[in-house]
Amino acid sequence: MKRKCGGFSLIELIVVIGIMVVLAGVAVLSYNIVRRSNVDKAASNITSAYNKARTYAMSKSGTWSLEVKKTDGTYYGYIYQTSTDGTTTKVNTYELGKYYTLEFSSDDSLTATINNSDSVIIEFNANGSIKSVNLGDGTNYYTDGSSTGTYCVFHMEYGSRSGSVTVYYSTGKSVKE
């Protein structure tokens, strides 16, 4: 009987390469799905934190605000209550996510990227509408009726994926897109 010592046949190599191509395709597809879900989750988290702060403003006494800030690579939403005596208390902290870029913009051309030292603070009226919007550098961007704008947007990007949450000043309503 003759022994064959030649290695792999061409058919075996083609089958192995075919399997590797299929596995690589599945890996790329999975990665893209995870990237998209990170952006969707971030938009949902911002919407949840925003709606919670707005609900507090409409149902409890004091002045309520939401601060969106990036700390150590992660975005957080902090809900504060300022009582009538001026005491400010942090009521809730929401982890909004990481691994994406978050920008704040408005319909009257303001744009700010929220980095480690930046934040956006939204203060609510008792009816749930927006009382003021302050940027982290101390700039008071919006105060009831002082701006020509009607809304602001939190825009998230991760690679080619993006999502946004639009907040309307006069009603306080938020829409996740």
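These remarks concern the structure in this document. (Residues numbered from 1 in each chain as written. Predicted model: local features only at pLDDT ≥ 70, side-chain atom pairs only at ≥ 80, totals over all residues. Heavy atoms only, no water.)

Attention now moves to the overall build of the protein. Check the secondary structure of the protein and you find one helix and eleven strands. Along the chain direction, N to C, the helices and strands of the protein fall in the order α-β-β-β-β-β-β-β-β-β-β-β. A burial count over the protein gives 35% of its 177 residues as buried. A separation threshold of at least 6 residues defines the contact pool for the protein, and within that pool the share at least 24 residues apart is 50%. In the form shown here, the protein has an accessible surface area of approximately 10400 Å², with 55% of it arising from carbon and sulfur atoms. (Helix = DSSP H or I, 4+ residues; strand = E, 2+ residues; numbered from the N terminus. Buried < 20%, exposed > 50% of the residue type's maximum accessible area, 1.4 Å probe, protein only. Contact = heavy atoms within 4.5 Å. Areas by Shrake-Rupley, 256 points an atom, 1.4 Å probe, with all protein chains shown as cover.)

Topologically, Thr 74 is positioned in strand β2 (residues 74-82). In this structure Thr 74 touches Lys 69, Glu 95, Gly 97 and Lys 98, once residues within four positions along its chain are discounted.

Along the polypeptide, Lys 70 turns up in strand β1 (residues 63-71). One buried charged residue, Lys 70, forms no salt bridge at all, with the nearest opposite charge on Asp 118 at 9.2 Å. (Lys, Arg positive; Asp, Glu negative; His and termini not counted. Salt bridge = Lys/Arg side-chain N within 4 Å of Asp/Glu carboxyl O.)

A sheet is described by the order of its strands in space; here five strands give the open sequence β5-β4-β9-β10-β11, paired in antiparallel fashion. Single-partner strands in this sheet number two, and they are β5 (111-113) and β11 (174-176). Taking the axes of each pair of neighbouring strands and ignoring which way they run, one obtains an average angle of 20° across the sheet. The sheet contact formed by strand β10 (residues 161-168) and β11 spans three bridges and is antiparallel. Paired with Thr 166 across the bridge in β11 is Val 175. (Pairing = 2+ DSSP bridges. Axes fitted to C-alpha atoms, helices over the stretch in contact; angles between N-to-C directions.)

A word on the sheet that holds β2. The strands making up a sheet associate through hydrogen bonds between their backbones, and the pairing can be parallel or antiparallel. Read across the open sheet, the six strands follow the order β3-β2-β1-β6-β7-β8; overall the sheet is antiparallel. The strands lining the two open edges of the sheet, one partner per strand, are β3 (88-98) and β8 (140-143). Within this sheet the neighbouring strands show an average axis-to-axis angle of 15°, counted without direction. When strand β7 (residues 130-135) meets β8, the two strands line up antiparallel, connected through three bridges. Bridge pairing in β8 places Ser 132 opposite Thr 143.

Right, let's get into the pairing of β3. Within a regular strand, the side chains alternate between the two sheet faces. Bridge count between β2 and β3: nine bridges; the pairing is antiparallel. Bridging across to β3, Tyr 78 finds its partner in Thr 93. Where β2 hands over to β3, the hairpin turn is made up of five residues, of which Gly 86 adopts a positive phi near 90°.

With that settled, consider the packing of aromatic side chains. Across all of its chains, the model carries six aromatic pairs by this definition. Taken together, the aromatic side chains of Tyr 76, Tyr 78 and Tyr 80 make up a single cluster linked through ring pairs. (Phe/Tyr/Trp six-rings, centres within 6.5 Å; stacked < 30°, edge-to-face > 60°.)

What follows deals with a nonpolar patch on the surface. Together, Phe 8, Leu 13, Ile 17 and Val 21 give the surface a local cluster of nonpolar side chains, amounting to about 440 Å² of exposed area. Secondary-structure assignment places Ile 17 in helix α1 (residues 10-59). (Patch = residues over 30% accessible without salt bridge, like charges linked within 9 Å, V, L, I, M, F, W, Y side chains within 5 Å.)

Without other data, these values stay purely geometric and don't point to any function.
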